[in-house]
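Listed below, chain by chain, are the residues.
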2 protein chains.
Amino acid sequence: MSDNQKIYVVGHKNPDTDSICSAIAYAELKRRITKETYEARRAGNVNEETQYVLDYFKVPAPELLESVVKTEEGKVSVILVDHNEVGQAVDGIKEAELLEIIDHHKIGDITTEAPIYFRNQPVGCTASIVYQMYEENNQEVSKEIAGLLCSAILSDTLMFRSPTCTPKDKEIAEKLAEIAQINVEEYAMAMFKAGSNLADKTPEEIFFQDFKKFTAGEVSFGVGQISSMAEDELFEIADRLKPYMPQALKEQGVDMIFFMLTDILSESTNLIYVGDKAEATIEKAYKISKEAGDYYKLAGVVSRKKQLIPFFMDVLQ
Amino acid sequence: MSDNQKIYVVGHKNPDTDSICSAIAYAELKRRITKETYEARRAGNVNEETQYVLDYFKVPAPELLESVVKTEEGKVSVILVDHNEVGQAVDGIKEAELLEIIDHHKIGDITTEAPIYFRNQPVGCTASIVYQMYEENNQEVSKEIAGLLCSAILSDTLMFRSPTCTPKDKEIAEKLAEIAQINVEEYAMAMFKAGSNLADKTPEEIFFQDFKKFTAGEVSFGVGQISSMAEDELFEIADRLKPYMPQALKEQGVDMIFFMLTDILSESTNLIYVGDKAEATIEKAYKISKEAGDYYKLAGVVSRKKQLIPFFMDVLQ
C-alpha cells in the first residue's frame, strides 16, 4: 500500500506526552471503527517524559512525520490532535488534506477549504476527549492505551494541579489508572522525574522538550515549559537554557521567547525570557515589576495555556 | 437582570433558517441543562422562508442583536451557531466573550484567547448537530423545536438534494418530521415557495435574504443564494438583482460578488456576478468558458458550501 492511502494522526511539533499518546490512541480507535488505514505519527523527537511512558507500557514510539507537503501522488491526509495552530503543526500543513482536529486549546489560525470534523473541548488534555470518543463508540480501552491516555492527563494537568484540569479529566484519569494498573501518585512522580532528568541533554535539546510558537497580530513569540517536582533542578535547567535563548530567538524567527520553569509542588513558575519587548509584555500581562535577577517569579502560575497565553494575547493584540 | 448576565446564542448575519432555528433550539437546550440564562438572538432580518417556518410552528422570532461590542459593563457573552467566520458574525465579535461554536462549515478565521467548546461536524445542517446534542443529553424535543430543526435541515439540504446532505441529516429530519407532525414533501414545497416569493421585496432585500462574505488571502468576496422550485422565478429574481449588484459591491467593500440562483428540481445554478476578476475566477474554478448572456449555468451545482466556496478558495489562494 502506498503512503498516500494512509491517514496520519499527528500531534504538534516538539511533541509532549499528550501529543504522542493521544495520536496513538486515536489512530487505534479510528482503525477499529472504520475501514481506513490510520497511523499515528510524531512531529518531532520523543521527550524524556514521553519515552518513560512508552517504555513503561511497552508501546513503540510512532514514526517521525517530517512533512506533509503535497507530492506527485497528491495530498497527504492528516488528523491533528492536541493543536490547531499552523505554527505548531508539521511542515506543509497548508498543503495537506486536513480531515479532523481533536484538541483542547484556544481556537487558532488553521482554516480549511471544506467542512471538517473539529472537536475542541475546554478540558485539561486531548487524551480526555479521546477517551470520551472510545466511550461514545462503545470501544473498550486496552491496558496499554489506558496507560498512555492516563499518562497524558497526568502530564498535561500536572497531576490534577493545573487550573486547566476539570473534574472530567480527573474522573477519566482515575478510571484509566485502574485499567492500566498504576498507582497515580507513584507513577506520576516517576514520570515527572524522568521528564526533568535532563543531565545528558544539550541546552538545545532541553529547549525543544516542549516549545510552542504563537502569533498575536503582527507579533510572534515562543513559549517553552519544563515542569519539575524539585525547584533546585529548575534553577539548574534555567542556567543551562539562558545562554541558548538568544540563538533560539534568531533561529525561530520570533520576536520574543519565554520559558516557563514550573515547580509542580509549590505551583509556581520562574519565567526566563529573551527579546526586546519581553519584559514589557510580562509586566503588562501580570501587572508586576521585576524585583531582582533575570527572571520573573509567577506565584500560582503553572499553565501555559490558561495562565500565560491568554494574558500575553490580550497585551499583544 | 442586566443584559450582560445573559448569554446570547446567535447565528450569522443575513440569517437563514438554520441560523435562526438552531439558535432557538440550542438556547432552549442550554437553558434546560445548565443554570445559566441563554437567549437566542438574530444577527439580521428574518427572511421569508424562515418567517414561514416561525409562523407555522407559532414560535416568535428571536430579538435582533445589533452588536456585541464591549460596553462599560464588560464583555458580551455569546455562542455562535452555523458560522465560524468573523466576516459573517455579528458586529463586535472580536470584543465579545466567545463561549462556544456549533457549526458545520469549513474552519474559518475566528480565533480565541482561551480554549472553548467548538463543535464542527461535516453534516448538512447545524440543526442536525443540535438534535444530536439533545439526544446526548437525554432531552426530549418538543413539537415546536422539532419543527424548527426539521425545517432547518430541509432548507440547508434543499430537501436532501444537496451534496452536503449526509445520511445522518436525512435520518434526523425524518425523526423530527414525525414529532413535528409534518409531511416532509408538502411542507418543504410550501416553505421553499414562501422563501422565493420575493414579489414585494426591493432588490436590496432580496440580496440580503442569504448573503455571506469570505476572504481568501488578500481577496474578499461575497456569495448570495436564492433557491426555488421554479426556474422562471429565478430568472425574474436575477433580473431584479443585477442592477443592484454594483452598488452592493461598493457597500460591502469586497472585490467580487457572486449570486447563486439555484433550481432545486433540476439541481443546477445560474451564477450572476460583479467585480473585475469575477469571470476569471468562475472560469478557472469550474474550467468553463462563458457561452452567451451575462451568467454562467452550473449544472449539478446547488451547494455554496461544498460546490462553490472550496473551488473559489482554491483558485484565489
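The rules behind these values
Residues numbered from 1 in each chain as written. Chains lettered and ligands numbered in written order. Predicted model: local features only at pLDDT ≥ 70, side-chain atom pairs only at ≥ 80, totals over all residues. Heavy atoms only, no water. Least-squares fit on C-alpha atoms with pLDDT ≥ 70 in both. Contact = heavy atoms within 4.5 Å. Domains from an automatic or database assignment. Buried area = accessible area lost by both parts, 1.4 Å probe. Salt bridge = Lys/Arg side-chain N within 4 Å of Asp/Glu carboxyl O. Phe/Tyr/Trp six-rings, centres within 6.5 Å; stacked < 30°, edge-to-face > 60°. Helix = DSSP H or I, 4+ residues; strand = E, 2+ residues; numbered from the N terminus. Buried < 20%, exposed > 50% of the residue type's maximum accessible area, 1.4 Å probe, protein only. 1 Å grid on protein atoms, 1.4 Å probe; cavity = no way out; pocket = protein on both sides within 12 Å on 5 of 7 lines; lining within 4 Å. Points joined across faces, edges and corners; volume = space filled by probe spheres on them. Nonpolar A, V, L, I, M, F, W, Y, C, P; charged D, E, K, R; others polar. Disulfide = S-S within 2.5 Å. Expected span 1.5 Å × (residues − 1). Axes fitted to C-alpha atoms, helices over the stretch in contact; angles between N-to-C directions. Parallel < 35°, antiparallel > 145°, perpendicular 65-115°, else oblique. Polar contact = N/O pair within 3.5 Å; in protein donor to acceptor, adjacent residues only side chain to side chain. Pairing = 2+ DSSP bridges.

## Describing the relation of the copies chain B and chain A
Rotating chain B by 180° about the axis while translating it 0.0 Å along that axis superimposes it on chain A, leaving an RMSD of 0.0 Å. In the structure described here, the two chain copies are related by an operation that fits a two-fold rotation axis. Minimal C-alpha separation from the rotation axis in chain B is found for Arg119(B), amounting to 2.5 Å. A symmetric contact is evident, with 100% of the interface residues of chain B recurring at the interface of chain A.

## Observations concerning the domain arrangement of chain A
All names here are of chain A. In terms of domain boundaries, chain A breaks down into domain 1 (7-192) and domain 2 (203-316). Placing the centre of domain 1 and that of domain 2 at their C-alpha centroids yields a distance of 24 Å. Each side of the interface is counted separately: domain 1 has 21 residues, and domain 2 has 21 residues. Buried surface at the junction of domain 1 and domain 2, both sides included, amounts to about 1,900 Å², of which 58% is carbon and sulfur. Of all residues in domain 1, the largest losses of buried area upon contact with domain 2 belong to Asn14, Leu158 and Arg161, amounting jointly to 31% of the total for that side. For the pair domain 1 and domain 2, the number of links is one salt bridge.

## Remarks on the packing of aromatic side chains
Residue and element names in this part refer to chain B. The final tally for this structure, using the stated rule, is 37 aromatic pairs over all chains. On the basis of an interplanar angle of 45° and a centroid distance of 5.5 Å, the ring pair of Phe207 and Phe259 is categorised as tilted. On the criterion of sequence distance, the pair formed by Phe207 in helix 7 (residues 203-207) and Phe259 in strand 9 (residues 256-263) is long-range, its members being 52 residues apart. The same class applies to Phe207 as to Phe259, namely buried.

## Considerations on the layout of surface pockets
Of the volumes computed, that of the second largest pocket is approximately 1,100 Å³. Looking at the second largest pocket, it is lined by 38 residues, and the ones nearest its centre are Tyr117(A), Arg119(A), Glu136(A), Arg119(B) and Glu136(B). Elements represented by at least two residues in the lining of the second largest pocket include exactly helix 1 (17-33), strand 6 (117-120), helix 3 (126-136) and helix 5 (167-180) of chain A together with helix 1 (17-33), strand 6 (117-120), helix 3 (126-136) and helix 5 (167-180) of chain B. Here the lining of the second largest pocket gets five residues from one element, more than from any other, and that element is helix 3 of chain A. For the lining of the second largest pocket, the per-class residue count stands at 16 nonpolar, nine polar and 13 charged.

## Let's talk about the state of the cysteines
All names here are of chain B. Summed over all chains, the structure comprises zero disulfides over all chains. There is no disulfide at Cys21, and the cysteine sulfur nearest it, in Cys125, is 8.6 Å away. Looking at Cys150, it has no disulfide partner, and the nearest cysteine sulfur is the one in Cys125, 9.7 Å off. Take Cys150: its relative accessible area is 0%, and that puts it in the buried class.

## Considerations on helix 4 (residues 143-156) of chain A
All names here are of chain A. Over its 14 residues, helix 4 runs 20 Å from end to end, which matches the ideal 20 Å to within 8%, given 1.5 Å per residue. Summarising burial for helix 4: twelve of the 14 residues are buried, a large majority. When helix 4 is considered as a whole, its buried residues turn out to be Ile145, Ala146, Gly147, Leu148, Leu149, Cys150, Ser151, Ala152, Ile153, Leu154, Ser155 and Asp156. In this structure, the buried side of helix 4 is in contact with helix 1, helix 2 (48-56), helix 3, helix 5 and helix 6 (184-196).

## What about the packing of helix 4 of chain A against helix 6 of chain A?
For any two helices packed against each other, the geometry comes down to the angle between their axes and how far apart the axes lie. Residue and element names in this part refer to chain A. Orientation of helix 4 relative to helix 6, taken along the N-to-C sense of each, is 70°, at an axis distance of 10 Å. In this view, helix 4 runs roughly perpendicular relative to helix 6, as classed from their interaxial angle. Listed contacts from helix 6 to Ser151, Leu154 and Ser155 of helix 4 are Val184, Tyr187, Ala188, Met191 and Phe192. Among the residues making up the contact of helix 4 with helix 6, the classes are represented as six nonpolar, two polar and no charged.

## Brief notes about the pattern of salt bridges
Residues and elements named next belong to chain A. The final tally for this structure, using the stated rule, is 36 salt bridges over all chains. One salt bridge in this structure joins Glu63 and Arg41, with 3.8 Å as the shortest N-O distance. Of this pair, Glu63 sits in strand 3 (residues 63-64) while Arg41 sits in strand 2 (residues 38-43); the two residues are 22 residues apart in sequence, bridging distant segments of the chain. The residue Glu267 makes a salt bridge to Arg161 at a minimum N-O spacing of 3.9 Å. With Glu267 in the loop between strand 9 (256-263) and strand 10 (268-274) and Arg161 in the loop between helix 4 and helix 5, this residue pair connects regions lying 106 residues apart in the sequence.

## As for the interface of chain B and chain A
The partner chain A presents 24 residues to the 24 residues of chain B that form the contact. For the pair chain B and chain A, the summed buried area comes to about 2,000 Å², and 59% of that belongs to carbon and sulfur atoms. The largest contributions to the chain B side of the interface with chain A come from Ile107(B), Glu113(B) and Pro115(B), which together make up 33% of the buried area. Across the contact surface, chain B and chain A share zero salt bridges. In this assembly, chain B and chain A are joined by six residue pairs in polar contact (both at pLDDT 80 or more). Residue assignment for the side of chain B that touches chain A shows that the elements contributing at least two residues are strand 6 and helix 12 (309-316) of chain B. Sorting elements by how many residues they give to the side of chain B that touches chain A places strand 6 of chain B first, with four residues.

## Things to note about the pairing of strand 6 of chain A
Both faces of strand 6 of chain A are covered, namely the face carrying Tyr117(A) and Arg119(A) and the face carrying Phe118(A) and Asn120(A). Looking at chain direction, strand 6 of chain A and strand 6 of chain B are connected through three bridges and run antiparallel. Residue pairing in the sheet places Arg119(A) in a bridge with Arg119(B) of strand 6 of chain B.

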